[in-house]
Amino acid sequence: MTASPRAPHTPRPPRAPLPASDQAAWSRVLALHTRVERELAAALQRRHGIGLSEYRSLEHLQHSQTSELRMQDLAERVGLGQSSVTRLVGRLEAAGFAVKDLCPSDKRGVYAVITEQGRARYEAARATYAEVLSCALNTLTTDPELGPTVQALRATGPR
């Protein structure tokens, strides 16, 4: 067996670093995200016994036209990998908030389907989510570093 010749290695040109202003802006967005997510997660867990990913999964299932999503679509929407969303849906299933269902046309396809109990938990948690999100953003508007970022995000308006 002979080794096939490889193309000579040509180094990639170095990428220009982000301008300092872009790095600083992105750092503020990440800091804002982290602080708000922490407050949302704590409130949802304390008041409703669900995590942020569970809430967001229920939200996506609730708003889907058929009250179900293929597992890979749910993973993409929630921002999780396939194995993580499988565990997440397992937790939702154990709590009675969702069930797994096989795709009738493709037995390899698995759907997550929201249950009536899942709808009720989502509806109860939705007010908490909105309240805590608003409160966290209002509080952070007074933060000298993050306030301008919150104001800029709010200025973009609803889509």
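Since the structure is predicted, the reported quantities are computational estimates derived from the model, not experimental observations. (Residues numbered from 1 in each chain as written. Predicted model: local features only at pLDDT ≥ 70, side-chain atom pairs only at ≥ 80, totals over all residues. Heavy atoms only, no water.)

Colleague: Hey, could you go over the pattern of salt bridges for me, with residue numbers and the actual values?
Modeller: Scanning the entire structure with this criterion turns up seven salt bridges. In this structure, the salt-bridge partner of Arg47 is Glu131, at a minimum N-O distance of 3.4 Å. Remark: Glu131 occurs in helix α5 (residues 116-140) and Arg47 occurs in helix α1 (residues 20-48); sequence separation between them is 84 residues. Judged by its relative accessible area of 46%, Glu131 falls in the partly exposed class. (Salt bridge = Lys/Arg side-chain N within 4 Å of Asp/Glu carboxyl O. Helix = DSSP H or I, 4+ residues; strand = E, 2+ residues; numbered from the N terminus. Buried < 20%, exposed > 50% of the residue type's maximum accessible area, 1.4 Å probe, protein only.)

Colleague: So, the sheet that holds strand β3 (residues 110-114): which residues are in play, and what are the values?
Modeller: Ordered by their spatial adjacency, three strands build an open sheet running β1-β3-β2, and the pairing between neighbours is antiparallel. With one partner strand each, in any of the chains shown, β1 (68-70) and β2 (98-102) form the two edges of the open sheet. In this sheet, adjacent strand axes meet at a mean angle of 25° when their direction is disregarded. The pairing of β1 with β3 spans three bridges and is classified as antiparallel. Following the sheet pairing, Arg70 is matched in β3 by Tyr111. Strand contacts of helix α4 (residues 82-95): β2 and β3, with the helix running at about 120° to β2, the strand carrying the most contacts. (Pairing = 2+ DSSP bridges. Axes fitted to C-alpha atoms, helices over the stretch in contact; angles between N-to-C directions. Contact = heavy atoms within 4.5 Å.)

Colleague: Could you give an account of helix α2 (residues 52-63), naming the residues involved and the relevant values?
Modeller: If you check α2, its first and last C-alpha atoms are 16 Å apart, about what 12 residues at 1.5 Å a residue would give, namely 16 Å. For α2, every residue scored as buried is listed here: Leu52, Glu54, Tyr55, Ser57, Leu58 and Leu61. Where the residues of α2 are buried, they touch α1, β1, α3 (71-78), α4, β3 and α5. (Expected span 1.5 Å × (residues − 1).)

Colleague: Outline unusual backbone geometry, listing residues and values.
Modeller: Outside of glycine, negative phi angles account for most residues, and trans bonds account for most peptide bonds. Positive phi values are uncommon outside glycine, yet Ser67 reaches one of about 65°. Considering the arrangement of structural elements, one finds Ser67 in the loop between α2 and β1. Accessibility expressed as a relative area gives 14% for Ser67, which makes it buried.

Colleague: Quick one: what's the story with the side chain of Ser64, residue by residue and with numbers?
Modeller: Positionally, Ser64 belongs in the loop between α2 and β1. Take Ser64: its relative accessible area is 12%, and that puts it in the buried class. A distance of 2.9 Å separates the side chain of Ser64 from the backbone oxygen of Glu68, its partner in a polar contact. (Polar contact = N/O pair within 3.5 Å; in protein donor to acceptor, adjacent residues only side chain to side chain.)

Colleague: Let's hear about the packing of α2 against α5: which residues, and what values?
Modeller: Orientation of α2 relative to α5, taken along the N-to-C sense of each, is 115°, at an axis distance of 10 Å. Judged by the twist between their axes, the crossing of α2 over α5 is left-handed. Of the residues in α5, those in contact with Leu52, Tyr55, Arg56, Leu58, Glu59, Gln62 and His63 of α2 are Gly118, Arg119, Arg121, Tyr122, Glu123, Ala125, Arg126 and Tyr129. Split by residue class, the contact of α2 with α5 holds six nonpolar, three polar and six charged. (Left-handed = near helix turned anticlockwise from the far one by under 90°. Nonpolar A, V, L, I, M, F, W, Y, C, P; charged D, E, K, R; others polar.)

Honestly, that's just the spatial picture; any functional story needs more than this.
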